[in-house]
Amino acid sequence: SPQTTVYDGSPKELGSELVSDGSFESGTDSWTTSANSGDAPSISASTDRAYVGSQSLKVEQGGGEYGRASKPFTTVAGKTYKFSLATYKASSGQDVAYVIRASTSAHGSDVSITVSTLDEWVVTTGYFTALDTTSFINVLPHNHNTGDDIAYVDNISIKEVKMGNHGTTTFL
């Protein structure tokens, strides 16, 4: 039998904020660091640069292989999330791209965005579908095996994408 679907046109909305203190005004919260081998980066809430407020997360590469700063947050497997953050990397002797990742592990790269703009704040926005109940935002200041670069991160936001366009189906 024929059917008709009518959409109410409701917009796709975002859920509540999943990252507490994404502007680092209260410190580094539950951020951790790691490297595949060698020394992990150091992190601090820094007043050196800030996109919003007076502090940002300073991630200073420790020379280890693929050193990164990571923050876990709670997700629901199968749900879609929107993330955005501002990053800054100054020119250095190693002018290489740096990487922002949203993933299901502190070492994962489910969504990997390479940023090669230096000496200015870059706002990066992306979407990912959670595969587990914990996901991570990862910042790698040096997109290479080793390095001693510094990247700053600020204004982090992660929210669930709520589906809009509710439909009503009528069977005729």
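Each value, and the rule that gives it
- Residues numbered from 1 in each chain as written.
- Predicted model: local features only at pLDDT ≥ 70, side-chain atom pairs only at ≥ 80, totals over all residues.
- Heavy atoms only, no water.
- Helix = DSSP H or I, 4+ residues; strand = E, 2+ residues; numbered from the N terminus.
- Buried < 20%, exposed > 50% of the residue type's maximum accessible area, 1.4 Å probe, protein only.
- Contact = heavy atoms within 4.5 Å.
- Areas by Shrake-Rupley, 256 points an atom, 1.4 Å probe, with all protein chains shown as cover.
- Phe/Tyr/Trp six-rings, centres within 6.5 Å; stacked < 30°, edge-to-face > 60°.
- pLDDT = per-residue confidence, 0-100.
- Core = buried A, V, L, I, M, F, W, Y, C linked by side-chain atoms within 4.5 Å.
- Polar contact = N/O pair within 3.5 Å; in protein donor to acceptor, adjacent residues only side chain to side chain.
- Salt bridge = Lys/Arg side-chain N within 4 Å of Asp/Glu carboxyl O.

**Points about the overall build of the protein**
Item 1. When its secondary structure is counted, the protein shows 0 helices and 13 strands.
Item 2. Sequence-ordered secondary structure for the protein, helices as α and strands as β, is β-β-β-β-β-β-β-β-β-β-β-β-β.
Item 3. A buried classification covers 41% of the 172 residues belonging to the protein.
Item 4. By sequence separation, contacts in the protein at least 24 residues apart represent 77% of the contacts at least 6 residues apart.
Item 5. Roughly 8400 Å² of accessible area belongs to the protein as shown, and the carbon and sulfur atoms make up 46% of that amount.

**Points about the packing of aromatic side chains**
The geometry of an aromatic ring pair is captured by two quantities: the separation of the ring centres and the angle between the planes.
Item 1. Overall, the coordinates contain 7 aromatic pairs when judged by the stated rule.
Item 2. For the ring pair Phe 24 and Trp 31, a centre distance of 6.0 Å and an interplane angle of 50 degrees mean the geometry is tilted.
Item 3. A relative accessible area of 7% places Trp 31 in the buried class.
Item 4. Measuring from ring centre to ring centre gives 5.6 Å for Tyr 81 and Phe 128, while their planes differ by 25 degrees; the resulting arrangement is stacked. Of the two residues, Tyr 81 is situated in strand 7 (residues 80–88) and Phe 128 in strand 10 (residues 122–129); the sequence distance between them amounts to 47 residues. The two residues Tyr 81 and Phe 128 agree in class, both being buried.

**Quick notes on the confidence of the model for the protein**
Item 1. Across the protein, the average pLDDT comes to 80, with 74% of residues at or above 70.
Item 2. The least confident element of the protein, judged by mean pLDDT, is strand 13 (residues 167–171) at 52; the most confident is strand 4 (residues 42–46) at 94.

**Some details on unusual backbone geometry**
Item 1. At Asp 29, a position not held by glycine, the phi torsion is positive, near 50 degrees.
Item 2. When you line up the elements, Asp 29 lands in the loop between strand 2 (13–17) and strand 3 (32–34).
Item 3. Its relative accessible area of 44% is what places Asp 29 among the partly exposed residues.
Item 4. Positive phi values are uncommon outside glycine, yet Asp 119 reaches one of about 65 degrees.
Item 5. Tracing the backbone shows Asp 119 in the loop between strand 9 (111–115) and strand 10.

**Quick notes on the nonpolar core**
Item 1. Counting residues in each nonpolar core, the largest one holds 18 residues, and the members touching the most others are Trp 31, Phe 83, Phe 128, Ile 156 and Ile 158.
Item 2. Elements represented by at least two residues in this core include exactly strand 5 (56–60), strand 6 (68–74), strand 7, strand 11 (134–140) and strand 12 (150–162).
Item 3. Excluding its chain neighbours within four sequence positions, the residues that come into contact with Trp 31 are Phe 24, Ile 43, Leu 57, Ala 69, Ser 70, Lys 71, Ile 137, Val 139 and Ile 156.

**Concerning the side chain of Lys 71**
Item 1. Looking at the secondary structure, you find Lys 71 in strand 6.
Item 2. Within polar-contact distance, the side chain of Lys 71 engages the side chain of Asp 29 at 2.8 Å.
Item 3. Apart from residues no more than four positions distant in its own chain, Lys 71 is found in contact with Val 19, Asp 29, Ser 30, Trp 31, Ser 135, Phe 136 and Ile 137.

**A look at the pattern of salt bridges**
Item 1. Counted under the stated rule, the structure contains 5 salt bridges.
Item 2. Linking Asp 29 and Lys 71 is a salt bridge whose minimum nitrogen-to-oxygen distance equals 2.8 Å. Here Lys 71 lies in strand 6 and Asp 29 lies in the loop between strand 2 and strand 3, a separation of 42 residues in the sequence.
Item 3. A relative accessible area of 4% means that Lys 71 is categorised as buried.
Item 4. Across the pair Lys 162 and Glu 160 runs a salt bridge whose closest N-O atoms are separated by 3.7 Å.

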